[in-house]
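Examination of the molecular architecture
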Amino acid sequence: MVDKPVPVPAQAEVLIRIDAVAICATDLEIIHYGTPALMEGGPPFNRNFTSGHEYMGTVVALGEGVDEFAIGDRVTAEIHAGCGQCKRCWLGMYTCCLNHGQNYGDVKKNHRANGVTTDGGFTEYAVNHINTVIRVPDTMCDEEATLAVTADTSMYGLTELGGLVAGESVVVMGPGPIGLMAVAVAKSLGASPVILTDTRESRLKIGTSLGADHVINVKNTNVVEAVKEIAGTIGVDYVVECAGTETAINDAIHMTNRGGKICLAFLHDPATIDLSHVIKNNMYLYGIRGEGKSATHRAMAFMAEKQFDASLIHTHTFALDNLPEALRYARERVDDAIKVVVRARGAEQQLKAVSS
Ligand SMILES: [Zn+2]
Ligand SMILES: [Zn+2]
């Protein structure tokens, strides 16, 4: 724990007092390896950097000219603010900022990624551009509000596949937080049936609560055959692949119907993929990098309407002072942890103020 000055919001920014922040696998990667949070080409360690990117809180100060938000508003914050200057950010693809031909992260060009290239949420205060700030309904608790930033990647993936999935069959492979939220978002978008595959019964059970019509435990099963048994021999219309393995991606390809679409959310290393099957069957593969196109706003819209209960994936809460233990729970999945949320100081009083 270190003392840092409270940041001052500039034009079109607000200062957020952070009330809750969820831990994400990306945080663990940043803390242990540096990537994707490379600062000026190097890891962020010992540079006075604060990680954490899935946070919500209360607006406590407004930058010059800000009238979109008021002091006291409860808000959640999208991770990225686009530079507004390059082609990709202009199109809403701000995880693919083209500044200087690099991925992103040039603060001088106004690009920011909370807790990835600029200071994030394992702290008490953060500034955010108003375009990245989203109101939290009074009926939603702080912990659930942090999960809009998890559901946004699932929302982005599904809308990149085509968005309107009403009546289309969707398989989600890999029920980590983003896979589980993909089940919920697909169901909310009208997909039918929604099928979830994994080896862990506990995760499949949560998937059912979030809207999966069928779950398949792939432990001793041929997953492609099992999917086709449910969806018909032609295969499914969409697959959201969140398991991130070579086998899973090849299974995804073989369970998708001709002309179908596959969203690839994770894969760290090069893999051998049956691309001839993709070509011969006119399939579409979509890589997604985080979120974009205001997906956080759209995910929050579903959550505010109670289309699904994102809090089903929130399993543990720790105080900010206990951050190392919270990170350990997330990293080692202690007690079957899925989403571990850290509550900042002062949040308890705020919760009472909101409810009184
Ligand atoms: Zn995350
Ligand atoms: Zn850009």
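Everything numeric here is computed off the predicted structure, so don't read it as measured data.

A short note on the overall build of the protein
The helix and strand tally for the protein stands at 12 helices and 15 strands. Projected onto its principal axes, the C-alpha positions of the protein cover 60 × 45 × 35 Å. Across the 356 residues in the protein, those meeting the buried criterion constitute 48%. Considering only contacts within the protein whose residues lie at least 6 apart along the sequence, 68% involve residues at least 24 apart.

Concerning the domain arrangement of the protein
Assigned domains of the protein: these are domain 1 (13-79 + 114-136 + 309-355) and domain 2 (151-287). Domain 1 and domain 2 are separated by 29 Å when their C-alpha centres are compared. Between domain 1 and domain 2, the contact holds 7 residues from the first and 9 residues from the second. Tallied by class, the residues present in the side of domain 1 that touches domain 2 amount to 4 nonpolar, no polar and 3 charged.

Description of the sheet that holds strand β13 (residues 284-287)
If you walk across this open sheet you meet the 6 strands as β10-β9-β8-β11-β12-β13, and the pairing is parallel. Single-partner strands in this sheet number two, and they are β10 (214-217) and β13. The average undirected angle you get between the axes of adjacent strands in this sheet is 15 degrees. In the sheet, strand β8 (residues 170-173) pairs with strand β11 (residues 236-241) via 4 bridges, with the strands oriented parallel. Along β11, the bridge assignment pairs Val170 with Tyr238. In this fold helix α5 (residues 177-188) packs onto β8, β9 (194-198) and β11, with an angle of close to 165 degrees to the strand it touches most, β8.

Remarks on the environment of Ser192
Mapped onto the fold, Ser192 is located in the loop between α5 and β9. Taking the number of C-beta atoms within 10 Å as the measure of exposure, Ser192 has 13 and is therefore partly exposed. Residues Ser192 and Glu144 lie 48 residues apart in sequence; the distance between their C-alpha atoms is 26 Å. When sequence neighbours within four positions are dropped, the list of residues in contact with Ser192 reads Gly167, Ser169 and Asp213.

So, the nonpolar core
Residues Val170, Val172, Ala182, Val183, Val185, Ala186 and Val240 are the most contacted members of the largest nonpolar core, which totals 96 residues. The residue makeup of this core includes at least three contributed by each of domain 1 (13-79 + 114-136 + 309-355) and domain 2 (151-287). For Val183, the contacting residues outside a window of four places in its chain are Val172, Val194, Leu196, Gly207, Leu210, Gly211 and Ala212. Cys83, Cys89, Met93 and Tyr94 belong to the second-largest nonpolar core, a separate cluster that totals 7 residues.

Considering the confidence of the model for the protein
The pLDDT averaged across the protein works out to 91; a share of 91% of its residues lies at or above 70. Below pLDDT 50 for its whole length, residues 349-356 participates in 5 contacts with residues either more than four positions away or in separate chains.

Observations concerning the pairing of β11
Most of β11 sits inside the fold, with 6 of its 6 residues counted as buried. As judged from the 5 bridges shared by β11 and strand β12 (residues 256-264), these two strands associate in the parallel manner. Each bridged residue has a counterpart across the sheet, and for Glu241 the counterpart in β12 is Leu264.

Conventions and cut-offs
- Residues numbered from 1 in each chain as written.
- Chains lettered and ligands numbered in written order.
- Predicted model: local features only at pLDDT ≥ 70, side-chain atom pairs only at ≥ 80, totals over all residues.
- Helix = DSSP H or I, 4+ residues; strand = E, 2+ residues; numbered from the N terminus.
- Buried ≥ 20, exposed ≤ 12 C-beta atoms within 10 Å, placed from the backbone.
- Contact = placed C-beta atoms within 7 Å.
- Domains from an automatic or database assignment.
- Nonpolar A, V, L, I, M, F, W, Y, C, P; charged D, E, K, R; others polar.
- Pairing = 2+ DSSP bridges.
- Axes fitted to C-alpha atoms, helices over the stretch in contact; angles between N-to-C directions.
- Core = buried A, V, L, I, M, F, W, Y, C linked by C-beta atoms within 7 Å.
- pLDDT = per-residue confidence, 0-100.

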